[in-house]
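One letter stands for each residue in the lines below.
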Amino acid sequence: MTEHDEGFEVCRVDPLKLHDLRRRVLRSNNPEVSVGDPRDGESTSLHFAGYLGDRLVVSASFFPSTSPVDPDVKSYQLRYMATDFDAQGKGYGAEVLEFAESQLREQGARQVWANGRDTALGFYRAIGWEIVEGSEHLSPETKLPHTVIYKSL
Ligand SMILES: CC(C)(COP(=O)(O)OP(=O)(O)OC[C@H]1O[C@@H](n2cnc3c(N)ncnc32)[C@H](O)[C@@H]1OP(=O)(O)O)[C@@H](O)C(=O)NCCC(=O)NCCS
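Residues numbered from 1 in each chain as written. Predicted model: local features only at pLDDT ≥ 70, side-chain atom pairs only at ≥ 80, totals over all residues. Heavy atoms only, no water.

Caption draft 1: Quick peek at the site of the ligand. Near the ligand you find 20 residues, and of these Met 81, Thr 83, Gly 89, Gly 91 and Gly 93 are the closest. The side chain of Gln 88 places a nitrogen or oxygen atom 3.5 Å from an oxygen atom of the ligand. In the environment of the ligand, an oxygen atom lies 3.1 Å from a nitrogen or oxygen atom belonging to the backbone of Lys 90. Those elements that place two or more of their residues in the shell around the ligand are helix H1 (19-26), strand S5 (75-83), helix H2 (92-106), strand S6 (111-117) and helix H3 (121-126). Grouping the constituent residues of the shell around the ligand by class yields 10 nonpolar, eight polar and two charged. (Near = heavy atom within 4 Å. Polar contact = N/O pair within 3.5 Å; in protein donor to acceptor, adjacent residues only side chain to side chain. Helix = DSSP H or I, 4+ residues; strand = E, 2+ residues; numbered from the N terminus. Nonpolar A, V, L, I, M, F, W, Y, C, P; charged D, E, K, R; others polar.)

Caption draft 2: Representation of the environment of Phe 62 within the structure. Within the secondary structure, Phe 62 sits in strand S4 (residues 55-64). Through-space distance from the C-alpha of Phe 62 to that of Trp 113 is 9.3 Å; in sequence the pair is 51 residues apart. For Phe 62, the contacting residues outside a window of four places in its chain are Ser 45, Leu 46, Phe 48, Tyr 76, Gln 77, Leu 78, Leu 97, Ala 100, Leu 104 and Val 112. (Contact = heavy atoms within 4.5 Å.)

Caption draft 3: Region of interest: the pairing of S4. Where burial is concerned, most of S4 is hidden: eight out of the 10 residues are buried. Pairing analysis gives seven bridges linking strand S3 (residues 46-52) to S4, with the strands arranged antiparallel. Directly across from His 47, in S4, lies its bridge partner Ser 61. (Buried < 20%, exposed > 50% of the residue type's maximum accessible area, 1.4 Å probe, protein only. Pairing = 2+ DSSP bridges.)

Caption draft 4: Representation of H2. In a regular helix each residue adds 1.5 Å, so 15 residues correspond to 21 Å; H2 covers 22 Å between its end C-alpha atoms and thus fits that length. A positive backbone phi angle near 95° is found at Gly 108, which sits one or two residues after H2. (Expected span 1.5 Å × (residues − 1).)

Caption draft 5: Up close: the nonpolar core. The biggest cluster of nonpolar side chains holds 26 residues, and the ones touching the most others in it are Phe 62, Leu 78, Leu 97 and Trp 129. Those elements giving two or more residues to this core turn out to be strand S2 (8-12), S3, S4, S5, H2, S6 and H3. Sorting elements by how many residues they give to this core places H2 first, with six residues. In this structure Leu 78 touches Ala 60, Ser 61, Phe 62, Leu 97, Trp 113, Ala 114, Tyr 124 and Trp 129, once residues within four positions along its chain are discounted. (Core = buried A, V, L, I, M, F, W, Y, C linked by side-chain atoms within 4.5 Å.)

Caption draft 6: Main features of the side chain of His 47. Inspection of the secondary structure assignment puts His 47 in strand S3. A distance of 2.9 Å separates a polar atom in the side chain of His 47 from the backbone oxygen of Asp 40. Dropping the residues within four chain positions of it, His 47 is found in contact with Cys 11, Arg 12, Val 13, Pro 15, Leu 18, Arg 22, Asp 40, Ala 60, Ser 61 and Phe 63.

Caption draft 7: Structural context of the side chain of Ser 139. Along the chain, Ser 139 falls in the loop between strand S8 (137-138) and strand S9 (145-152). Among the polar contacts made by the side chain of Ser 139, one reaches the main-chain amide nitrogen of Thr 142 at a distance of 3.1 Å. Those residues in contact with Ser 139, other than ones at most four positions away along the chain, are Leu 144 and His 146.

Caption draft 8: How the structure looks around the packing of aromatic side chains. Evaluated as defined, the whole model comprises five aromatic pairs. Each ring, one from Phe 48 and one from Phe 62, has its centre 6.0 Å from the other, and the planes form 80°; the classification is edge-to-face. Here the residue Phe 48 occupies a position in strand S3, and Phe 62 occupies one in strand S4, the gap between them amounting to 14 residues. This pair shows no difference in class: Phe 48 is buried, exactly as Phe 62 is. Measuring from centroid to centroid gives 5.9 Å for Phe 48 and Phe 99, while their planes differ by 85°, and the two rings are edge-to-face. Remark: Phe 99 occurs in helix H2 and Phe 48 occurs in strand S3; sequence separation between them is 51 residues. With relative accessibility at 0%, the residue Phe 48 sits in the buried group. Counting every residue linked through ring pairs, the aromatic cluster contains Phe 48, Phe 62 and Phe 99. (Phe/Tyr/Trp six-rings, centres within 6.5 Å; stacked < 30°, edge-to-face > 60°.)

This is the structure in structure tokens:
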């Protein structure tokens, strides 16, 4: 667990705790759509939460996955990265990923990758992720524009 000077803390959590935030921030609070990943419950998956006091305001989940960038490098896929609306832009998302990346390095990971929403690419760029040129696509789930992004650890 890590502590921020404003009482912000990051920790590993059970993925079920992340579903409400995943749904509200990433799926327009639509009760009809799935906000689970089939790998959520696997012991090799790592789920992180950022808390402001008792309130969960950031979610990020990582799954072991072959990287589309470097298939031979031990990699994890990031999914369901979200910061609650009123907590965005305060550095919390970046802090959760910094904590997660250090834990993933300890697990032997050397790269993380994601299908990043185009509207969030500025966030990822600001914290050291790179864009795979030519990988632009529409998410099959949300139909929103995405691009493959990665970061070496
Ligand atoms: C994208 C998101 C996760 C970023 O989390 P956050 O907690 O708001 O981000 P932070 O405050 O930690 O930002 C870190 C840096 O990224 C920048 N940044 C954040 N969001 C940005 C955006 N959409 N575009 C450009 N830059 C952005 C910040 O300005 C900050 O830069 P700085 O360090 O130079 O000041 C959050 O805005 C969010 O949940 N958005 C809606 C859902 C979404 O798109 N999730 C990503 C799915 S792939």
